[in-house]
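Commentary on secondary and tertiary structure
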Amino acid sequence: DPEKTGTCVLTDVNCKSAGVFRWPLYAVEGGVAMALTGERSFLRMVPEVKAGIGVVTDFHSQPDVGTFGFGTRFALTWGAGLRVLPGGQYSFRADISNRLYSVKYPVAYYVPADDGSVIFTGRQNRTAWLNNPAFTIGVSYLFSR
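For clarity, every value in this text was computed on a predicted model and none was experimentally measured. (Residues numbered from 1 in each chain as written. Predicted model: local features only at pLDDT ≥ 70, side-chain atom pairs only at ≥ 80, totals over all residues. Heavy atoms only, no water.)

Overview of the overall build of the protein chain
Just so we agree on the cut-off: Helix and strand definitions here come from DSSP, where helices need a minimum of 4 consecutive H or I residues and strands a minimum of 2 consecutive E residues; each element is numbered from the N-terminal end. Accessible area is worked out with a 1.4 Å probe on protein chains only. A residue is then buried under 20% of its type maximum, exposed over 50%, and partly exposed in between. Only heavy atoms enter the contact rule, under which two residues are in contact if any of them lie within 4.5 Å.
The secondary structure content of the protein chain amounts to 0 helices and 5 strands. Shown N-terminal to C-terminal, the secondary structure of the protein chain runs as helices and strands in the order β-β-β-β-β. Sorting the 145 residues of the protein chain into buried and exposed places 22% on the buried side. In the protein chain, the share of contacts with a sequence separation of at least 24, taken over all contacts with a separation of at least 6, comes to 57%.

Regarding the sheet that holds strand 4 (residues 90-104)
Note the cut-off: By definition, two strands form a pair when at least two bridges between them are found by DSSP. Every axis corresponds to a line fitted to the C-alpha atoms, with the helix fit spanning only the stretch in contact, and the corresponding angles, defined between N-to-C directions, vary from 0 to 180 degrees.
Read from one edge to the other, the open sheet built from 5 strands follows the order 1-2-3-4-5, with strand pairing classed as antiparallel. With one partner strand each, in any of the chains shown, strand 1 (26-35) and strand 5 (127-141) form the two edges of the open sheet. Across the sheet, the mean angle from the axis of one strand to that of its neighbour is 20°, orientation sign disregarded. Pairing of strand 2 (residues 45-57) with strand 3 (residues 72-84), which is carried by 13 bridges, proceeds in the antiparallel orientation. Residue pairing in the sheet places valine 55 in a bridge with phenylalanine 74 of strand 3.

A short note on the pattern of salt bridges
What counts is decided by this rule: A carboxyl oxygen of Asp or Glu within 4 Å of a side-chain nitrogen of Lys or Arg is what we treat as a salt bridge.
Counting across every chain of the model gives 4 salt bridges. With a shortest N-O distance of 3.2 Å, aspartate 95 and arginine 93 are connected by a salt bridge. Aspartate 95 gets classed as buried once you look at its relative accessible area, which sits at 6%. Judged by relative accessible area, which is 26%, arginine 93 ranks as partly exposed. One salt-bridge network, in which partners are shared between bridges, spans Lys50, Arg93 and Asp95.

Remarks on unusual backbone geometry
Unlike most non-glycine residues, leucine 43 shows phi in positive territory, near 55°. Tracing the sequence through the fold places leucine 43 in the loop between strand 1 and strand 2. Residue phenylalanine 59 is not a glycine yet carries a positive backbone phi of 55°. Residue position: phenylalanine 59 is located in the loop between strand 2 and strand 3.

Structural notes on the packing of aromatic side chains
Put simply, the test is: Here a pair means two rings of Phe, Tyr or Trp (six-membered ring of Trp) with centres within 6.5 Å. Their orientation is stacked below 30 degrees between planes, edge-to-face above 60, and tilted elsewhere.
The tally for this structure, following the rule as stated, stands at 9 aromatic pairs. Where phenylalanine 70 meets tyrosine 101, the ring centres are 5.6 Å apart and the plane angle is 80°; that geometry is what we call edge-to-face. In this pair, phenylalanine 70 is assigned in the loop between strand 2 and strand 3 and tyrosine 101 in strand 4, connecting sequence segments 31 residues apart. Side by side, phenylalanine 70 and tyrosine 101 carry an identical accessibility label, which is buried.

Below, the structure is given as structure tokens:
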């Protein structure tokens, strides 16, 4: 809490730390995947690449106590995966993907507090692009086989 003074001792009521809070992000995206081997498989495996776009939001209308608010951001996704076709109507897949989105830090993060401490120096940009990698596995039912 930038309004507080003092150090963070457990019994100190003027502690700058407001604690740890969970602030989940939610993503909606759409994309395309392309099989690198076309309609064929190699040893019943099909390598894939994928790309997409979407949005990431926190569904909060007010910023936190430090004046940081995430809001809703545009996101880019890309990745690669492997689909296994054991035969029949089911297939299995595993892929690694990355979601890239930006954040914008408030001006208060760059202004020195009364004790001279700052969150970011002037060399840090106000906007930053963050990576959010993911590993996913899944099962698909194939209607057209």
